[in-house]
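Coordinate analysis (summary)
For reference, the chains in residue letters:
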Amino acid sequence: PPPPPPPDDDRPRPTLVPNLLLLGLTPGAYLLRALGSVRPAELEQALLLLPFDAVRRLLVRLLPLLAEAPPVELMARTILYLLRVHHKPLVASRALLDLLGPIHAALSARVSAERARLGYNVAALGFLRSAIERGSEGGGLFGEALSARAAAAPPTVSELRRKTAAREKKTGGKRRPKQKGSAAE
């Protein structure tokens with residue numbers, strides 16, 4: 001057979017038309033949108049209805065998304081539930097067993113990165129809180145605003161009842177006699 005002709009650079013390339021069923025999203029983004037649109041309480045039931053071949057294809061499609069896609073909680077919950085439900089067939093198949101190694105590595109790396117980010121943010125919030133408390137003479141975070149609010153507002157009925165219950169607890173359940181001129185509830 002003759003060799004194929006060299007590609008002609010002057011020839012126009014065909015343009016790819018996006019699939020209208022994907023709503024203008026990439027296939028991975030559409031998959032995550034579809035998984036996210038299922039209510040969390042019904043996600044396990046929806047995943048339980050998937051046949052094993054669809055589970056295999058879903059795991060293959062989720063693997064490249066584990067590295068950078070935002071909803072890591074949704075992907076981790078989906079993958080772990082599918083592994084829990086279909087453990088025996090997944091482990092029995094050599095091809096799927098080879099797929100589980102990269103999924104484990106990618107999911108572990110992503111979850112540990114998210115855990116580190118969360119720990120960093122919590123530490124930063126603690127530092128910010130302590131800096132605000134040190135700079136404030138009012139005694140704590142938003143202390144001035146809370147003391148101004150407490151001074152401006154008269155006590156509510158529920159606060160009066162709470163204080164009365166606390167006072168009765170201290171005195172052993174004995175009620176103090178009403179003072180003359182006190183308001184009745």
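Everything that follows concerns the structure shown earlier in this document.
My aim in this report is to walk through the structure given alongside it, one point at a time.

The rules behind each value
All residue numbers refer to position in the chain's written sequence, counted from 1. Where totals are concerned, whole chains, interfaces and linings use all residues; where local detail is concerned, this predicted model gives features only for residues with pLDDT of at least 70, and gives and counts side-chain atom pairs only at 80 or more. As a rule here, side-chain values come from all non-hydrogen atoms in the structure, and water together with hydrogens is ignored. Comment: elements are numbered from the N terminus, with helices defined as DSSP H or I runs of at least four residues and strands as E runs of at least two. A 1.4 Å probe rolled over the protein chains alone gives each residue an accessible area, and that area as a share of the maximum for its type sets the label: buried under 20%, exposed over 50%, partly exposed in between. Residue contacts are defined here by distance: any two heavy atoms, one from each residue, within 4.5 Å place the two residues in contact. Every axis corresponds to a line fitted to the C-alpha atoms, with the helix fit spanning only the stretch in contact, and the corresponding angles, defined between N-to-C directions, vary from 0 to 180 degrees. Oblique is the label for any angle not covered by the other classes, which are roughly parallel (under 35 degrees), roughly antiparallel (over 145) and roughly perpendicular (65 to 115). Crossing handedness is defined as follows: a turn of the near helix away from the far one that is anticlockwise and smaller than a right angle gives a left-handed crossing, while the clockwise case is right-handed. All amino acids are sorted into three groups, where Ala, Val, Leu, Ile, Met, Phe, Trp, Tyr, Cys and Pro are nonpolar, Asp, Glu, Lys and Arg are charged, and the leftover types, Gly among them, are polar. Buried Ala, Val, Leu, Ile, Met, Phe, Trp, Tyr and Cys residues that are joined via side-chain atoms within 4.5 Å together make up what is termed a nonpolar core. This arc is taken over the directions from the axis of the helix to the C-beta atoms. The span expected for a helix works out to 1.5 Å for each residue beyond the first. By convention in these notes, a salt bridge is any Lys or Arg side-chain nitrogen within 4 Å of a carboxyl oxygen on Asp or Glu.

A count of helices and strands for the chain gives eight helices and zero strands. When the elements of the chain are put in sequence order from the N terminus, they spell out α-α-α-α-α-α-α-α. Within the chain, the fraction of its 185 residues that count as buried is 18%. Considering only contacts within the chain whose residues lie at least 6 apart along the sequence, 63% involve residues at least 24 apart.

For any two helices packed against each other, one specifies the crossing angle of their axes together with the interaxial distance. At a minimum axis separation of 10 Å, helix H1 (residues 27-37) and helix H3 (residues 52-62) run at an interaxial angle of 120°. In this view, H1 runs oblique relative to H3, as classed from their interaxial angle. Pair H1 / H3 crosses with left-handed handedness. Between H1 and H3, the residues in contact are Leu31, Leu32 and Leu35 and Leu58, Arg61 and Leu62, respectively. The residue makeup of the contact of H1 with H3, split by class, is five nonpolar, no polar and one charged.

So, about the nonpolar core. Counting residues in each nonpolar core, the largest one holds 24 residues, and the members touching the most others are Leu59, Leu62, Leu65, Met75 and Ile79. Looking at this core, the elements that each hand over two or more residues are H1, helix H2 (40-48), H3, helix H4 (72-85) and helix H6 (94-135). Take this core: its biggest share by element is six residues, from H4.

Another point: the side chain of Arg110. When you line up the elements, Arg110 lands in helix H6. The exposure class of Arg110 is buried, given its relative accessible area of 10%. Setting aside anything within four residues of it in sequence, one finds Arg110 in contact with Leu65, Leu66, Ala67, Glu68, Ala69, Pro70, Val72 and Met75.

Take the environment of Thr164 next. Within the secondary structure layout, Thr164 lies in helix H8 (residues 157-171). Residue classification places Thr164 among the partly exposed positions, given a relative accessible area of 24%.

Further remarks concern H1. Those residues of H1 lying buried are Gly28, Leu31, Leu32 and Leu35. In an axial view of H1, the angular spread of the buried residues amounts to 95°, which keeps them on one side of the axis. At its buried positions, H1 is contacted by H2, H3 and H4.

Before going further, it helps to examine H6. If you check H6, its first and last C-alpha atoms are 62 Å apart, about what 42 residues at 1.5 Å a residue would give, namely 62 Å. Along H6, the residues that are buried comprise Leu96, Leu99, Leu100, Ile103, Leu107 and Arg110. Buried residues along H6 sit in contact with H3, H4 and helix H5 (87-92).

All right, on to the side chain of His86 then. If you trace the backbone, His86 turns up in the loop between H4 and H5. Residue His86 is classed as buried on the basis of its relative accessible area of 12%. Beyond its immediate sequence surroundings of up to four residues, His86 is in contact with Leu50, Phe52 and Val55.

This brings us to the pattern of salt bridges. The tally for this structure, following the rule as stated, stands at five salt bridges. For Glu114, the salt bridge identified is with Arg110, shortest N-O distance 3.5 Å. Separated by four residues within a single helix, Glu114 and Arg110 lie in helix H6, roughly one turn from each other. Since its relative accessible area comes to 22%, Glu114 is described here as partly exposed. Where Glu114 meets Arg117, a salt bridge forms, and the shortest distance between an N and an O atom there is 2.7 Å. Within this pair, Glu114 and its partner Arg117 are both found in helix H6, separated by three residues, close to a single helical turn. In the salt-bridge network here, residues are joined through shared partners; they are Asp53, Arg56 and Arg57.

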